[in-house]
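# Descriptive structure summary
Letter by letter, the chains look like this.
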Amino acid sequence: MAYLAPAEFVTKMVDAGESKLLMSTRDTLIRAYMAGAILALAAAFAVTVSVNTANPLIGALLFPVGFCMLYLLGFDLLTGVFTLAPLAVLDKRPGATWNGVLRNWGLVFTGNFAGALTVAVFMAIIFTNGFTEAPNAVGQKIGHIGEGRTVGYAAHGAAGMLTLFVRAVMCNWMVSTGVVAAMMSTSVSGKVIAMWMPILVFFYMGFEHSIVNMYLFPSGLMLGGNFTFMDYMIWNEIPTVLGNLVGGLTFVGATLYSTHYKTAPKRRAA
């Protein structure tokens, strides 16, 4: 469980950001698709556990298994590239540009959404026996989650939008900490333990994760949730993406880069 010092793993963060910007379109889409699908399956698993045990803490304790799997397999979430990709530009790495960052974000968003939507369709089929009967208890729960976190926010107007945005900021503060945590160790066990902690916090606290929501809300629509696709986009997905961007880049990427990579000059002894 060898531990890397902050200066070492922040260098790995910048290297990772450069690698993602220079990755081919094909590989970026494939890796994003698989990340979205695996995280969606983990969300379905966590909701199933929470419903069957009537204990949300157990679902939250087990949800990070999906996050750990996708990062150990080298797949990419939008929340992670929000944090890592800009660092290569800030460090003036060859070939790293803001246009490249936007391209990467767009491709990863597309791949994540496609992967999460695939699992949403598959799980909706399972929860309804091929759409031949009403959703089971887990399917009903997913529909209610979609309602509460779209029209529920809308009912509070600007205050609801602010709450949604802050929950999204807090989410990627934790999730991007998980992304970075995977770089703190050179062993699989060390990476898993380090990733597990912040992901558990985000999920149990009910923070807003744009890729998890790419599964929960389309699935909720298929399962009879009382909200619309536009409710989902305006009162969840778009503000969540923006909040995730702010949270990951501000509280994780920029802070670690500025204090462990571009360290300020030391004070002189008196």
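Not measured: the values here are computed from a predicted model. (Residues numbered from 1 in each chain as written. Predicted model: local features only at pLDDT ≥ 70, side-chain atom pairs only at ≥ 80, totals over all residues. Heavy atoms only, no water.)

## Quick look at the layout of surface pockets
Over the atoms rolls a probe the size of a water molecule, and in doing so it shows where empty space is left. Here the largest pocket defines a volume of roughly 420 Å³. Lining the largest pocket are 19 residues, with S50, P56, I145, R149 and F203 positioned closest to its centre. The set of elements that each furnish at least two residues to the lining of the largest pocket consists of helix 2 (25–53), helix 3 (56–62), helix 7 (137–148), helix 10 (188–204) and helix 11 (210–222). Of the pockets and cavities examined, the second largest pocket occupies roughly 240 Å³. If you go around the second largest pocket, you meet 13 residues; those closest to its centre are Y71, V179, A182, M183 and K191. In terms of residue count, the dominant contributor to the lining of the second largest pocket is helix 1 (residues 6–22) (three residues). Among the residues making up the lining of the second largest pocket, the classes are represented as eight nonpolar, one polar and four charged. (1 Å grid on protein atoms, 1.4 Å probe; cavity = no way out; pocket = protein on both sides within 12 Å on 5 of 7 lines; lining within 4 Å. Points joined across faces, edges and corners; volume = space filled by probe spheres on them. Helix = DSSP H or I, 4+ residues; strand = E, 2+ residues; numbered from the N terminus. Nonpolar A, V, L, I, M, F, W, Y, C, P; charged D, E, K, R; others polar.)

## A word on the nonpolar core
Formed by 73 residues in total, the largest nonpolar core has its most connected members in M13, F63, F67, F202 and Y215. Beyond its immediate sequence surroundings of up to four residues, F63 is in contact with L39, A42, A43, A46, I199, F202, F203 and V212. (Core = buried A, V, L, I, M, F, W, Y, C linked by side-chain atoms within 4.5 Å. Buried < 20%, exposed > 50% of the residue type's maximum accessible area, 1.4 Å probe, protein only. Contact = heavy atoms within 4.5 Å.)

## Remarks on the packing of aromatic side chains
Inspection of the entire model under this criterion finds eleven aromatic pairs. Judged by centre distance (4.8 Å) and plane angle (45°), the rings of F67 and Y71 are tilted. Here F67 and its partner Y71 are both found in helix 4 (residues 64–72), four residues apart, which amounts to about one turn of the helix. One exposure class covers both F67 and Y71, and it is buried. When the ring of Y257 is compared with that of Y261, the centres are 5.1 Å apart and the planes differ by 20°; the resulting orientation is stacked. Of the two residues, Y257 and Y261 are both situated in helix 12 (residues 229–261); the distance of four residues between them amounts to about one turn of the helix. Its relative accessible area of 26% is what places Y261 among the partly exposed residues. (Phe/Tyr/Trp six-rings, centres within 6.5 Å; stacked < 30°, edge-to-face > 60°.)

## Some remarks on the side chain of T79
Turning to its location among the elements, T79 is positioned in helix 5 (residues 78–90). Reaching out from T79, the side chain makes a polar contact with the side chain of H209 at a distance of 3.3 Å. (Polar contact = N/O pair within 3.5 Å; in protein donor to acceptor, adjacent residues only side chain to side chain.)

## As for a nonpolar patch on the surface
Taken together, F45, L57, I58, L61, L62, V65, M69, L73, V201, Y204 and M205 make up a surface patch of nonpolar side chains, about 920 Å² in accessible area. At the level of secondary structure, the elements contributing two or more residues to the nonpolar patch comprise helix 3, helix 4 and helix 10. Per-element accounting of the nonpolar patch gives the leading share, four residues, to helix 3. Mapping V201 onto the fold places it in helix 10. (Patch = residues over 30% accessible without salt bridge, like charges linked within 9 Å, V, L, I, M, F, W, Y side chains within 5 Å. Areas by Shrake-Rupley, 256 points an atom, 1.4 Å probe, with all protein chains shown as cover. Salt bridge = Lys/Arg side-chain N within 4 Å of Asp/Glu carboxyl O.)

## Concerning the side chain of S185
For S185, the position within the fold is in the loop between helix 9 (157–181) and helix 10. Owing to a relative accessible area of 5%, S185 belongs among the buried residues under this scheme. Of the polar contacts made by the side chain of S185, one reaches the backbone nitrogen of S187; its length is 3.1 Å.

## Quick notes on the packing of helix 2 against helix 7
For the pair helix 2 and helix 7, interaxial distance at closest approach is 9 Å and the crossing angle is 110°. On the basis of their axis angle, the class for helix 2 and helix 7 is roughly perpendicular. At the point where helix 2 passes helix 7, the crossing takes the right-handed sense. Here V47, T48 and V51 of helix 2 lie close against helix 7, whose contacting residues are A137, V138, K141, I142 and I145. When grouped by side-chain class, the residues that make up the contact of helix 2 with helix 7 number six nonpolar, one polar and one charged. (Axes fitted to C-alpha atoms, helices over the stretch in contact; angles between N-to-C directions. Parallel < 35°, antiparallel > 145°, perpendicular 65-115°, else oblique. Left-handed = near helix turned anticlockwise from the far one by under 90°.)

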